[in-house]
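An overview of the molecular structure
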Amino acid sequence: MAQPPPVSVATLKAIADAFNAHDLDAIMEFFADDCSLDLPRGPEPWGQRFTGKTAVREGLASRFKGLPDVHYSDDRHWISGDFGVSEWMLTGTFPDGRTVRVRGCDHWEFRDGKVTRKDSYWKIVERT
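What comes next is a walk through the structure.

What counts, and at which threshold
Residues numbered from 1 in each chain as written. Predicted model: local features only at pLDDT ≥ 70, side-chain atom pairs only at ≥ 80, totals over all residues. Heavy atoms only, no water. Helix = DSSP H or I, 4+ residues; strand = E, 2+ residues; numbered from the N terminus. Buried < 20%, exposed > 50% of the residue type's maximum accessible area, 1.4 Å probe, protein only. Contact = heavy atoms within 4.5 Å. Areas by Shrake-Rupley, 256 points an atom, 1.4 Å probe, with all protein chains shown as cover. Lys, Arg positive; Asp, Glu negative; His and termini not counted. Charge placed at Lys NZ, Arg CZ, Asp CG, Glu CD. Core = buried A, V, L, I, M, F, W, Y, C linked by side-chain atoms within 4.5 Å. Salt bridge = Lys/Arg side-chain N within 4 Å of Asp/Glu carboxyl O. Pairing = 2+ DSSP bridges. Axes fitted to C-alpha atoms, helices over the stretch in contact; angles between N-to-C directions. Expected span 1.5 Å × (residues − 1).

1. Some details on the overall build of the protein chain
For the protein chain, the helix and strand inventory stands at three helices and six strands. Along the chain direction, N to C, the helices and strands of the protein chain fall in the order α-α-β-β-α-β-β-β-β. If you line up the protein chain on its principal axes, its C-alpha atoms span 55 × 30 × 30 Å. When burial is assessed residue by residue, the protein chain has 39% of its 128 residues classed as buried. Restricting the contact set of the protein chain to residue pairs at least 6 apart, pairs at least 24 apart contribute 46%. Entry remark: accessible area of the protein chain is about 7,700 Å², with carbon and sulfur atoms responsible for 52%. A distance of 5 Å separates the average location of the 17 positive side-chain charges in the protein chain from that of its 20 negative side-chain charges.

Shown next as structure tokens:
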């Protein structure tokens with residue numbers, strides 16, 4: 001059986017490109033069937049967790065609905081074996097017109113070249 005290509009910084013950049021294109025099909029091609037997604041906000045200490053490819057897709061769709069023009073820029077990526085980190089600046093507009101501009105990062109876990117876990121963190125921006 002052929003081995004999947006190793007995960008690389010190029011992999012994380014390709015995932016970021018798919019997110020910026022809001023292309024759920026392309027994004028989900030990177031994820032394993034038994035993947036999980038932890039969003040930075042939610043009812044638990046880990047935020048809101050989605051488990052399984054169908055649920056992760058629904059969670060990401062809700063993110064695009066809640067921030068229809070979301071965009072990730074100023075990104076940097078690192079890989080160490082089956083683990084990766086992406087730093088980025090997220091910008092977007094909520095449906096009610098409020099804007100967001102925040103630094104954040106994703107912790108990635110991979111198995112056989114596919115994402116098994118995406119855990120997102122955002123800075124908390126306080127306006128005075």
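2. Re the nonpolar core
Counting residues in hydrophobic clusters, the biggest one holds 29 residues, and the most contacted among them are Phe19, Ile27, Phe31, Val56, Leu60, Leu90 and Trp108. If we skip the residues at most four places from it in the chain, Leu90 touches Leu67, Val70, His71, Tyr72, Val100, Arg101, Val102 and Trp122.

3. Considerations on the pattern of salt bridges
Following the criterion strictly, the structure yields 10 salt bridges and no others. Arg49 is paired through a salt bridge with Asp38; the nearest N and O atoms lie 2.7 Å apart. Within this pair, whereas Arg49 is found in strand β2 (residues 47-51), its partner Asp38 is found in strand β1 (residues 31-44), the two being separated by 11 residues in sequence. Shared partners join several salt bridges into a network, and the residues in it are Asp38, Arg49, Glu109, Arg117 and Asp119.

4. Notes on the sheet that holds strand β4 (residues 83-93)
Pairing between the strands of a sheet comes from backbone hydrogen bonds, and it takes one of two forms, parallel or antiparallel. With mixed pairing, the six strands of this open sheet are ordered in space as β2-β1-β6-β5-β4-β3. What marks the edges here is a single partner per strand, and that holds for β2 and β3 (71-80). Direction aside, neighbouring strands of the sheet carry axes that sit 20° apart on average. In terms of strand pairing, β4 meets strand β5 (residues 99-111) through 11 bridges, oriented antiparallel. Looking at the pairing, Trp88 lines up with Gly104 of β5. Set on the sheet, helix α1 (residues 9-20) makes contact with β3, β4, β5 and β6 (114-122); between it and β3 the angle comes to about 155°. Sitting on the sheet, helix α3 (residues 53-66) is in contact with β1, β2, β3, β4 and β6, with an inclination near 45° to β1.

5. Side note on unusual backbone geometry
Of note in this structure, Asp74 is not a glycine but carries a positive phi near 45°. Note that Asp74 resides in strand β3.

6. Here's the deal with α1
Residues separated by three or four positions in an α-helix point in the same direction, a consequence of the helix having 3.6 residues per turn. With 12 residues, α1 should cover 16 Å at 1.5 Å per step; its first-to-last C-alpha distance of 17 Å lies within 8% of that length. Looking at the buried positions of α1, the neighbouring elements they touch are α2 (24-29), α3, β3, β4, β5 and β6. Where α1 terminates, the next one or two residues include His22, which has phi positive at roughly 55°.

7. Notes on the side chain of Thr11
Structurally, Thr11 is set in helix α1. When residues no more than four places from it in sequence are discounted, the contact partners of Thr11 are Pro6, Phe30 and Phe110.

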